[in-house]
Amino acid sequence: MKILMVSSEAAPFAKEGGLGDVVSALSVALATMGHEVRVLMPFYGSLRHRERLQPMPAPFKVSLREEAWARLWQYSPQKNLTYYFIEHDRYFARPELYHNAQGSFADNPERFAFLSRAAMDLPFYLQWFPDVFHVHDWMASLVPVYLETTERHGRLGSSASVLTIHNLAHQGYAPRSILSFANLPDSLYQSDRLEACGGVNFLKGGIYFANKLTTVSPSYAEEIKTPSFGNGLDHVLRFRGGDLIGILNGLDDQVWNPMCDRYLQHHFSRNKLADKELCKADVVSQMGWNPKEKLPLFCAISRLYDQKGLDILADIVPWLIHTMQIRLLILGSGAPGLESHFRFLEQCFPERIKSYIGYSEELAHRMEAGADFLIMPSRFEPCGLNQLYSMRYGTLPIVRATGGLKDSVINYDEATGAGTGFVFQDLTHQSLYSTIGWACATYYDRPKALVQLRKNAMAKDFTWKQSAQRYQEVYQWARESKGLPRA
Ligand code: ADP
């Protein structure tokens, strides 16, 4: 099958969260299965690994209301897989992806309408017509809208679309005038099309028009059909409920693998678990702590926003530190208030908590390998990748039972020794505190059970192979539901 991924992120070139990891790892998995995969994304000012890219000779025209010109760059890391980067300085030269310290960019709707429109023009430029456009989040949500309206009767009428919702909290709002900017008919400004709350909602348009919808875990697919998790679009998702499928993300086994992780000085596996202790000593020493003091190491690696629930953790840190012999390591950035709260806690308890405010791929890997427990008390979590990574590294996740966390972590059963982590239901200070306490007691009092839990977690198969096969089926269903032959 010919598949065109349209995304605002792809690792390792530009990534803010799980979206970038998923797009690249899924593309690699599909290409390895023999599909022809191409990925279109912006050429940001901060694009990494740009030295690998080749410029395409001919200029590229993007047919918005006013035509715009861009330069395309390409990169093929393996057979059947090519990335295309669209360079257009007015929209993408800035280093940040979506926002800077002043907030979200006001022209985000124009920037990503440009990306979606470019996805319509790319097949003609390349003379390569996809069987399926697989588009990701609101930033690419106008692609299905174009395909079912302005492009329906042209050459792209024989392409189907699949929209994956990685996070319903971000929907892309714009004034009505964005429709004419994007070269879309004003008739789409209706409440059963793109209109919402007196403006245009990109994601709503994608949800209405995509041939199939997916989200990144079965539980989240159910949750978003309810008012509590639906972010105002639950009625649209219920309407399209028959076409909405939850597929749990996988992890990139080349990047997240304790046996060959390039950021680690020591490697380990399920059968050579003792060497995990060396990784713990490395990260503990790196924090300036004494590795000979054998305290359980709890960590969190996360964007520091409301969704992640780490404000609840910050609130209980003094209580934890006064009552439990533990160390806590935080890696994250985000809301300034929460960043300074963690910095303040580090100043209060320097022997017990370190807060690394920033982004570090290397430290993330070293923490996943060296920590005993990973804390993810999310308010909602479409899938979550860190708990998958942590289980791969025998680091037991402590998670709230929501979305993909609920689907991927099995709660410890003391009677049988089964389980892959610690799960709690309600996001309250008390339940987070008690669950951390339970993990801490397991560490000190039942070391054999702890080793068994680590082995259980490491035995889980979260690689992309199975999930990529499900996506392949969804692509065929998308074509069938548009009345197109199987590809
Ligand atoms: P989300 O996509 O909501 O941010 P996920 O758990 O799905 O959450 O994915 C987060 C990804 O971003 C993981 O790869 C995680 O390691 C990475 N990450 C988040 N914050 C940081 C940080 N400060 N430094 C390094 N990696 C981070």
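Here the structure is a predicted model, which is why all the values come from computation and not from measurement.

Engineer: Lay out the overall build of the protein with the relevant residues and their values.
Structural biologist: Looking only at helices and strands, the protein features 17 helices and 21 strands. In summary, the protein has a C-alpha radius of gyration of 23 Å against a globular reference of 23 Å for 487 residues, a match within 12%. By principal-axis analysis of the C-alpha atoms, the protein measures approximately 70 × 45 × 45 Å. When each of the 487 residues of the protein is scored for burial, the buried share is 61%. Contacts spanning at least 24 positions in sequence make up 72% of the contacts within the protein whose residues lie at least 6 apart. For the protein, the exposed surface amounts to about 18,800 Å²; the carbon and sulfur share of it is 51%. The average position of the 51 basic charges and that of the 50 acidic charges among the side chains of the protein differ by 4 Å.

Engineer: Tell me what's going on with the site of the ligand, and back it up with residues and numbers.
Structural biologist: If you check the shell around the ligand, you find 18 residues, and the closest are Gly18, Asp21, Arg303, Lys308 and Gly358. One nitrogen or oxygen atom from the side chain of lysine 308 is found 2.8 Å from an oxygen atom belonging to the ligand. Taking glycine 358, its main chain carries an N or O atom lying 2.8 Å from a nitrogen atom of the ligand. Broken down by element, the residue count for the shell around the ligand peaks at three residues, all from strand S16 (residues 297–304).

Engineer: Hey, could you go over helix H6 (residues 202–209) for me, with residue numbers and the actual values?
Structural biologist: Side chains of residues three or four places apart in an α-helix project in the same direction, reflecting 3.6 residues per turn. Counting buried positions along H6 yields eight of eight residues, so the element is predominantly enclosed. Within H6 the residues assigned to the buried category are Phe202, Leu203, Lys204, Gly205, Gly206, Ile207, Tyr208 and Phe209. Residue asparagine 201 occupies the N-cap position of H6, its side-chain oxygen lying 3.0 Å from the main-chain nitrogen of leucine 203.

Engineer: Hey, could you go over the packing of aromatic side chains for me, with residue numbers and the actual values?
Structural biologist: Counted by the stated rule, this structure contains 29 aromatic pairs. Ring centres 3.8 Å apart and planes at 10° place the aromatic pair tryptophan 256 and tyrosine 389 in the stacked group. One end of the pair, tryptophan 256, is in the loop between strand S15 (244–246) and helix H9 (276–286); the other, tyrosine 389, is in helix H13 (residues 386–392), with 133 residues separating them in the sequence. Accessibility classification places tryptophan 256 together with tyrosine 389 in one group, the buried group. Note on tyrosine 443 and tyrosine 444: the rings are 5.2 Å apart at their centroids and 85° apart in plane angle, and the pair reads as edge-to-face. Judged by relative accessible area, tyrosine 444 falls into the partly exposed class, the value being 37%. One aromatic cluster in this structure is built from Tyr44, Tyr91, Phe92, Tyr98, Phe112, Phe114, Trp138 and Phe202. The aromatic ring of tyrosine 146 is capped on one face by arginine 117, whose charged end is 5.0 Å from the ring centroid.

Engineer: Tell me about the sheet that holds strand S11 (residues 173–174), and name the residues and values.
Structural biologist: In spatial order, the strands read S11-S13-S12; together these three strands make up an open sheet with antiparallel pairing. At either margin of the open sheet sits one strand with a lone partner, and together these are S11 and strand S12 (195–196). With two bridges connecting them, S11 and strand S13 (residues 199–201) associate as antiparallel partners. Pairing of alanine 174 across the sheet is with valine 200, part of S13. Seen against the sheet, H6 touches S11, S12 and S13 and runs at an angle of roughly 55° to S13.

Engineer: I'd like a description of the packing of helix H15 (residues 429–445) against helix H16 (residues 447–459), backed by residues and values.
Structural biologist: At a closest axis distance of 6 Å, the pairing of H15 and H16 adopts a crossing angle of 115°. If you check the angle between H15 and H16, you find them roughly perpendicular. In this structure, H15 uses Thr442, Tyr443, Tyr444 and Asp445 to contact H16, whose residues at the interface are Pro447, Leu450 and Leu453. Within the contact of H15 with H16, the residues separate by chemical class into five nonpolar, one polar and one charged.

Engineer: Any chance you could break down the pattern of salt bridges for me, citing the residues and the numbers?
Structural biologist: Oppositely charged side chains can form a pair if their charged atoms are brought close together. One pass over the full model with this rule turns up 26 salt bridges. With a closest N to O distance of 2.7 Å, aspartate 372 and lysine 280 form a salt bridge. In this pair, aspartate 372 is assigned in the loop between helix H12 (361–370) and strand S19 (373–376) and lysine 280 in helix H9, connecting sequence segments 92 residues apart. For aspartate 372, a relative accessible area of 1% translates into the label buried. One salt bridge connects arginine 470 with glutamate 473, and the closest N-O pair in it is separated by 4.0 Å. With arginine 470 and glutamate 473 both in helix H17 (residues 464–481) and three residues apart, the pair spans about one turn of that helix. According to the relative accessible area criterion, glutamate 473 is partly exposed, its value standing at 36%. Because the salt bridges share partners, they merge into one network encompassing Lys15, Asp21 and Glu361.

Thresholds, definitions, all that
Residues numbered from 1 in each chain as written. Predicted model: local features only at pLDDT ≥ 70, side-chain atom pairs only at ≥ 80, totals over all residues. Heavy atoms only, no water. Helix = DSSP H or I, 4+ residues; strand = E, 2+ residues; numbered from the N terminus. Rg over C-alpha atoms; globule rule 2.2 N^0.38 Å. Buried < 20%, exposed > 50% of the residue type's maximum accessible area, 1.4 Å probe, protein only. Contact = heavy atoms within 4.5 Å. Areas by Shrake-Rupley, 256 points an atom, 1.4 Å probe, with all protein chains shown as cover. Lys, Arg positive; Asp, Glu negative; His and termini not counted. Charge placed at Lys NZ, Arg CZ, Asp CG, Glu CD. Near = heavy atom within 4 Å. Polar contact = N/O pair within 3.5 Å; in protein donor to acceptor, adjacent residues only side chain to side chain. Phe/Tyr/Trp six-rings, centres within 6.5 Å; stacked < 30°, edge-to-face > 60°. Lys NZ or Arg CZ within 6 Å of the ring centre and 35° of its normal. Pairing = 2+ DSSP bridges. Axes fitted to C-alpha atoms, helices over the stretch in contact; angles between N-to-C directions. Parallel < 35°, antiparallel > 145°, perpendicular 65-115°, else oblique. Nonpolar A, V, L, I, M, F, W, Y, C, P; charged D, E, K, R; others polar. Salt bridge = Lys/Arg side-chain N within 4 Å of Asp/Glu carboxyl O.

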